[in-house]
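The lines below spell out each chain.
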Amino acid sequence: MTFTLADLEKRISERIHTTAAESYTRSLIDKGIAHCAKKMGEEAFETAIAAVQEDKGRFVSEAADLIYHLMVLMEARGVVLKDVEAELERRTAQSGHAEKASRKG
Ligand SMILES: N=c1c2ncn([C@@H]3O[C@H](COP(=O)(O)OP(=O)(O)OP(=O)(O)O)[C@@H](O)[C@H]3O)c2ncn1[C@@H]1O[C@H](COP(=O)(O)O)[C@@H](O)[C@H]1O
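Residues numbered from 1 in each chain as written. Predicted model: local features only at pLDDT ≥ 70, side-chain atom pairs only at ≥ 80, totals over all residues. Heavy atoms only, no water.

As annotated in an unreviewed UniProt entry, the protein carries the name Phosphoribosyl-ATP pyrophosphatase and comes from Pseudolabrys taiwanensis. The UniProt entry for the protein carries the following text under Catalytic activity (unreviewed entry): "1-(5-phospho-beta-D-ribosyl)-ATP + H2O = 1-(5-phospho-beta-D-ribosyl)-5'-AMP + diphosphate + H(+)". Here is the UniProt Subcellular location (unreviewed entry) comment for the protein, exactly as written: "Cytoplasm". (UniProt positions renumbered as here; feature names shortened; annotations may be inferred.)

What follows is the structure in structure tokens.
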């Protein structure tokens, strides 16, 4: 079984329609965007700390926490993965043009 970010996005979106008592995701969203952003920032800091430590498993765990909390924040702001993928594709195309231009001199 492969659990993708798209699968996680779907689960997060589904959990919004449950109660906070049953869902950590719903409890986060109910606390508002500032709280979701604070939690994501905490997870980003924990991920950065884990990245410089030797334990790869801890880094993977913190990265998973970060990605989850980022995706809850995206849900709270009405942003979907496809929005971010489109932005990444735009940058890739832009950098591709720059590479071609630099090769042409
Ligand atoms: N990927 C995750 C995930 N990663 C981390 N967490 C939760 O994030 C929290 C991080 O722990 P913290 O100590 O930092 O937070 P806390 O002290 O519990 O909560 P706060 O009071 O600090 O907000 C833990 O409660 C984890 O359970 C997650 N909770 C849910 N998911 C995914 O979201 C789905 C829906 O979860 P529910 O909304 O709980 O049904 C799950 O099936 C998973 O796929």
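Undergrad: A description of a nonpolar patch on the surface should follow, citing residues and the corresponding values.
TA: A cluster of nonpolar side chains, Val79, Val84 and Leu88, forms an exposed patch at the surface whose accessible area comes to about 210 Å². With respect to the element layout, leucine 88 can be found in helix H5 (residues 81–104). The class for leucine 88 is partly exposed, based on a relative accessible area of 46%. (Patch = residues over 30% accessible without salt bridge, like charges linked within 9 Å, V, L, I, M, F, W, Y side chains within 5 Å. Areas by Shrake-Rupley, 256 points an atom, 1.4 Å probe, with all protein chains shown as cover. Salt bridge = Lys/Arg side-chain N within 4 Å of Asp/Glu carboxyl O. Helix = DSSP H or I, 4+ residues; strand = E, 2+ residues; numbered from the N terminus. Buried < 20%, exposed > 50% of the residue type's maximum accessible area, 1.4 Å probe, protein only.)

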